[in-house]
Structures are given as C-alpha cells and as structure tokens.
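# Descriptive structure summary
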Amino acid sequence: MQISPGIHSLGQTIGGHVHAYLLEEDDGLTLIDTLFDTDGHRVLEAINSLGRAPQDLKRIVLSHGHRSHIGGLAALKEASGAEVYSHEWEEDIIAGDRKAQPVSLLPMRPVTAYFKVYHLQVGLALGVGQHKACPVDLPLKDGDRVGPVEVLHTPGHSPGHLAFWWPEKKALFAGDAIATWPIFDGGWPAFNLNEEQQRATLRRMAELDAEVLAVGHGEPLVEDAAARVRSLVEPNRG
Ligand SMILES: [Zn+2]
Ligand SMILES: [Zn+2]
C-alpha cells in the first residue's frame, strides 16, 4: 500500500503486526526492515507489483536485530544482491553470532492491550525464535545517508536501534521506538532496554515535525503525525 508518493507500507499479522517499508526512486529501491516471513515473498510480490525486478532492490537497511524485522533478510539478500546495512552494535546479532538482549518477563501495562504482545516478549526474554542469519555489509551511524533517507541513531529500544528520515517527504521511519499496535505508545515498554535513552530518542523524533510516521509494529500514520509524536514526550504524560 502506497502511503505517500514513493513510500510503500508492507505488513503482516504475525510478528506483532510487523511492518516494513519499500522506498521507490527512479534508480532503485530501498527496503527498511524485512518482515517476519523467512521467504521474503511479501516483499518480492510488492517489488513485482511496482513493475520492478528483485535486482532493483539496491539497499536493505535494518532498524535493529529483532526477529520480527529480520525474518526475510537472508532470502531477500539472496534474491536481490542488495547491500545490507545496520548499526554496528546490531551486526553480530543479525549475522547470527549473538542473541539479542533479553527483556523482562513482567507483563506490560495496560495488560488488556499488551497481552497480544506477550508471546513475543517471552520469546525475546528466553532467547528463542532465531532468524536465518545473514551478514551485514556496511555499518551505519548517525548522520549517514543511505538511499533517500538520513540515518538517526535512536537508542533505547536497543543500543544500536536506528530510525530513518526522508526529509523531502517529511517521513519518519521510527522502527520500534514508536508503535501503533496494539496501542499507540513510545515502543513496547518492556522492550525498551534503556528508558533514559528512549526518552531522548522520542524527544528528538518530536522535533522533526513528521508528516508521515511509519513504525515497526502497526499501521503507519499519515494524519497528525507530528502531534502524535509530540504527545509521547509531553511532561504530564503517564
Ligand atoms: Zn524490536
Ligand atoms: Zn519489533
């Protein structure tokens, strides 16, 4: 689904309503995250529906090394030959040499919303559910540009978490720093490894005045995006 000219949202129910984003330019495609499926078929079908070939996918950029977002990576790398990018802290997780940091098993509040996420929380807490490993080709750091987007190092959810900003479209790809499913929130609370870093990340995102807010879990927002992001950093929140 095209949510803004050149920005296509791809989602699936499992993996916590995980979403990936295909960015289209004349000279090629950039993919942000790879969905949960290990065969990459949803992404390959989306590329096909644009009248493009898998080889038109030039770059796969990863927000971080959690299972839901790197499921299709190995298959998509093989199908496309695209260069794979992540923050260096996440590289050995993505390459299969280290497990992601475990999280708490304590249920998140409100429990009525977050029970839908609990199986993923348990999986990460216990270190089960491995992805198909794939090496990262190039590291990214804050201020880099990859394809059409600028790289924002946005730690908190994980130390090497990245978000991406497409300035011409005022589109923020927030990764797991912000979720719209099962509720709109500054990420899934139990998954935020460092709360102080996470608050700084949200403050930085609030300053961008995004018109498009594309998140890792849940549907993207294309209305009132900037106000919704600012609501996450209001002093009386929570
Ligand atoms: Zn995550
Ligand atoms: Zn996630």
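Now for a description of the structure that goes with this document. (Residues numbered from 1 in each chain as written. Chains lettered and ligands numbered in written order. Predicted model: local features only at pLDDT ≥ 70, side-chain atom pairs only at ≥ 80, totals over all residues. Heavy atoms only, no water.)

### Examining the coordination of the zinc ion (ligand 2)
- With distances of 2.0 Å, the protein atoms coordinating the zinc ion (ligand 2) are His69 (NE2), Asp176 (OD) and His217 (NE2).
- Motif for the zinc ion (ligand 2), donor spacing along one chain: H-x106-D-x40-H.
- Between the two metals, the zinc ion (ligand 2) and the zinc ion (ligand 1), the spacing is 3.1 Å, and Asp176 donates to both. You can see Asp176 sitting in the loop between strand 11 (171-175) and helix 8 (195-206) and its partner His217 sitting in the loop between strand 12 (212-215) and helix 9 (225-231), a full 41 residues away along the chain. Considered together, Asp176 and His217 belong to a single accessibility category, that of buried residues. (Donors = N, O, S within 2.8 Å, 3.2 Å for Na, K, Ca; no water. Helix = DSSP H or I, 4+ residues; strand = E, 2+ residues; numbered from the N terminus. Buried < 20%, exposed > 50% of the residue type's maximum accessible area, 1.4 Å probe, protein only.)

### Some words on the pairing of strand 9 (residues 149-153)
- Sheet analysis places strand 8 (residues 145-146) next to strand 9, joined by two bridges and oriented antiparallel. Paired with Val146 across the bridge in strand 9 is Val149.
- As defined by bridge partners, strand 9 adjoins strand 10 (residues 162-166) across four bridges and the pair is classed as antiparallel. Across the sheet, His153 pairs through a bridge with Leu162, a residue of strand 10. (Pairing = 2+ DSSP bridges.)

### Thoughts on the coordination of the zinc ion (ligand 1)
- Coordination of the zinc ion (ligand 1) by the protein is provided by His64 (NE2), His66 (ND1), His157 (NE2) and Asp176 (OD), with metal-donor distances spanning 2.1 to 2.2 Å.
- On the primary sequence, the residues serving as donors to the zinc ion (ligand 1) are separated as H-x1-H-x90-H-x18-D.

### Structural notes on the sheet that holds strand 6 (residues 83-87)
- What the seven strands build is an open sheet, ordered 1-2-3-4-5-6-7; its pairing is mixed. Among the strands making up the open sheet, the edge pair consists of strand 1 (2-4) and strand 7 (138-140). Between one strand axis and the next, the sheet turns by 30° as a mean value, whatever way the strands run.
- Relative to strand 4 (residues 28-32), strand 3 (residues 19-25) is paired through five bridges, and the arrangement is antiparallel. Bridge pairing links Leu22 to Leu31 in strand 4.
- Against the sheet, helix 2 (residues 41-49) makes contact with strand 2 (7-11), strand 3, strand 4 and strand 5 (57-61), and its axis sits at roughly 150° relative to strand 2, the strand it touches most.
- Lying on the sheet, helix 4 (residues 73-80) is in contact with strand 4, strand 5 and strand 6; it crosses strand 5 at an angle near 160°. (Axes fitted to C-alpha atoms, helices over the stretch in contact; angles between N-to-C directions. Contact = heavy atoms within 4.5 Å.)

### Overview of the pairing of strand 11
- When you tally the buried positions in strand 11, you get five out of five residues, the bulk of the element.
- Of the two faces of strand 11, the one holding Ala171, Phe173 and Gly175 and the one holding Leu172 and Ala174 are both buried throughout.
- The turn linking strand 10 back onto strand 11 is made up of four residues, and Lys170 within it adopts a positive phi angle of 50°.
- When strand 11 meets strand 12, the two strands line up parallel, connected through four bridges. The residue bridging Phe173 from the neighbouring strand is Ala214, located in strand 12.
- Taken together, strand 11, helix 8 and strand 12 form a β-α-β motif whose crossover is right-handed. (Right-handed = clockwise from strand over helix to strand, strands pointing away.)

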